[in-house]
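Tertiary structure, described
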Amino acid sequence: MRFRTAVTVAAISLLAACGSGAPPGGSSSAVGSSAPASGPQRIVSLSPTATETLFEIGAGQQVVAVDDQSNHPADAPRTKLSGYEPNVEAIVGYQPDLVVIADDTKKIEAQLSRLGIEVIVAPPAKTLDEAYQQIEQLGVETGHADAATGLVEQMRDRVAELTKELAPRPKPLTYYHELDNTLYTVTSKTFLGQVYTLAGLRNVADPADKAGGGYPQLSAEYLVKADPDLVFLGDTKCCAQNAATFAKRPGFANLKAVRGSRVIPLDDDIASRWGPRIVDLLETIVSTVEAVPAS
């Protein structure tokens, strides 16, 4: 996720839309998935988060096409469809009876609805509870309500288990989460920031967000002065960043996180979506925190 798209991505998502690269009618199914007798049989997902959720709850067999950013699971029927520039004709070419979008770009919802196609708008979640609600909504709408409820229960239980494992600290560790290598970041008020808060971390970017939008761009001088205990890189794919490239930036070699080998590379996709794998992100964060000795 490049952050030039990141304010958009974080506020909109890693969606997609535009032409088609697979023949209409192609489909892919997750292990154990099945199409219910009633409900949608031909789903098009223009949201990577929705795509992950649909396959996780067992609706994969009903999915006939996903957008060009939907890269998980690997067997999802990925096409050239784009949620950024949705093309009604291209979408309709897959003969969907349900289209899931993360943002109503170009009033695509109304255009599809006029053609008698059901549309679900599942925008970026602002909280974990909203993420859970979207999973359950997709379950109800696709005929997999029980599986969706079960998934949410598993996620809630895992979050509770992970946060319960954390030992109290006399002083919270601080962190910086990088969205791209021009130092765009997130604050505690964002969905991603709230995940870090669950792990007991304090965000060094919060005071820098004068506009209150949740996605400030820091200066190198600001970050050096803030000197976070932990650095998480959410730009390993988009910007080819890692602990070594981060440390080579002017002034960064002396940061506590660099000196302590606590610059953590993340999977951009997991760190930018609000679906089932958000618990995997929390697990990475918690394990990182647990590895830091209490002062």
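You'll find the structure just up there.
Report follows, based on the coordinates. (Residues numbered from 1 in each chain as written. Predicted model: local features only at pLDDT ≥ 70, side-chain atom pairs only at ≥ 80, totals over all residues. Heavy atoms only, no water.)

1. Some remarks on the packing of helix 6 (residues 145-164) against helix 12 (residues 278-290)
At a closest axis distance of 10 Å, the pairing of helix 6 and helix 12 adopts a crossing angle of 5°. Our classification of the angle between helix 6 and helix 12 gives roughly parallel. Seen from helix 6, the contacting residues are M155, R158, V159, L162 and T163; seen from helix 12, they are I278, V279, L282, E283 and V286. For the contact of helix 6 with helix 12, the class distribution of residues is seven nonpolar, one polar and two charged. (Axes fitted to C-alpha atoms, helices over the stretch in contact; angles between N-to-C directions. Helix = DSSP H or I, 4+ residues; strand = E, 2+ residues; numbered from the N terminus. Parallel < 35°, antiparallel > 145°, perpendicular 65-115°, else oblique. Contact = heavy atoms within 4.5 Å. Nonpolar A, V, L, I, M, F, W, Y, C, P; charged D, E, K, R; others polar.)

2. What about the nonpolar core?
Residues L201, F232 and I285 are the most contacted members of the largest nonpolar core, which totals 52 residues. Examining the composition of this core, we find that seven residues originate from one element, helix 12, more than from any other. Non-local contacts of I285, meaning those with residues more than four positions away in its chain, are made with V195, Y196, A199, L201 and F232. In this structure, V44, V64, A65 and V88 belong to the second largest nonpolar core, which totals 15 residues. (Core = buried A, V, L, I, M, F, W, Y, C linked by side-chain atoms within 4.5 Å. Buried < 20%, exposed > 50% of the residue type's maximum accessible area, 1.4 Å probe, protein only.)

3. Re the pattern of salt bridges
If you walk through the whole model with that rule in mind, you get eleven salt bridges. Between E161 and R158 there is a salt bridge; the shortest N-O distance is 3.2 Å. Placement of both E161 and R158 in helix 6 is noted, with a separation of three residues, approximately one turn of the helix. The shortest N-O distance in the salt bridge between E283 and R158 comes to 3.1 Å. Placement of the pair is E283 in helix 12 and R158 in helix 6, with a sequence separation of 125 residues. For R158, a relative accessible area of 23% gives the class partly exposed. Several salt bridges converge on common partners, so that one network encompasses E52, K237, D267, D269, R273 and R277. (Salt bridge = Lys/Arg side-chain N within 4 Å of Asp/Glu carboxyl O.)

4. Points about empty space enclosed by the protein
Per the counting criterion, the structure on display carries two cavities of 30 Å³ or more. Approximately 60 Å³ is the volume found for the largest cavity. Around the largest cavity, the lining residues are S47, T49, A50, T53, A122, A131, Q134, I135, L138 and W274. Those elements giving two or more residues to the lining of the largest cavity turn out to be helix 2 (48-56) and helix 5 (128-142). Ranked by the residues each element gives to the lining of the largest cavity, the list is headed by helix 5, at four residues. Tallied by class, residues from the lining of the largest cavity come to six nonpolar, four polar and no charged. (1 Å grid on protein atoms, 1.4 Å probe; cavity = no way out; pocket = protein on both sides within 12 Å on 5 of 7 lines; lining within 4 Å. Points joined across faces, edges and corners; volume = space filled by probe spheres on them.)

5. Details of the sheet that holds strand 3 (residues 98-101)
Spatially, four strands are ordered 2-1-3-4 in an open sheet, and the strand pairing comes out parallel. Looking at which strands have only one partner, the edges of the open sheet turn out to be strand 2 (63-66) and strand 4 (118-121). Between one strand axis and the next, the sheet turns through 20° on average, direction left out of account. In terms of strand pairing, strand 1 (residues 43-45) meets strand 2 through three bridges, oriented parallel. Pairing of I43 across the sheet is with V63, part of strand 2. Packing against the sheet, helix 2 makes contact with strand 1, strand 2 and strand 3, and its axis sits at approximately 140° to strand 1. Against the sheet, helix 5 makes contact with strand 1, strand 3 and strand 4, and its axis sits at roughly 170° relative to strand 4, the strand it touches most. (Pairing = 2+ DSSP bridges.)

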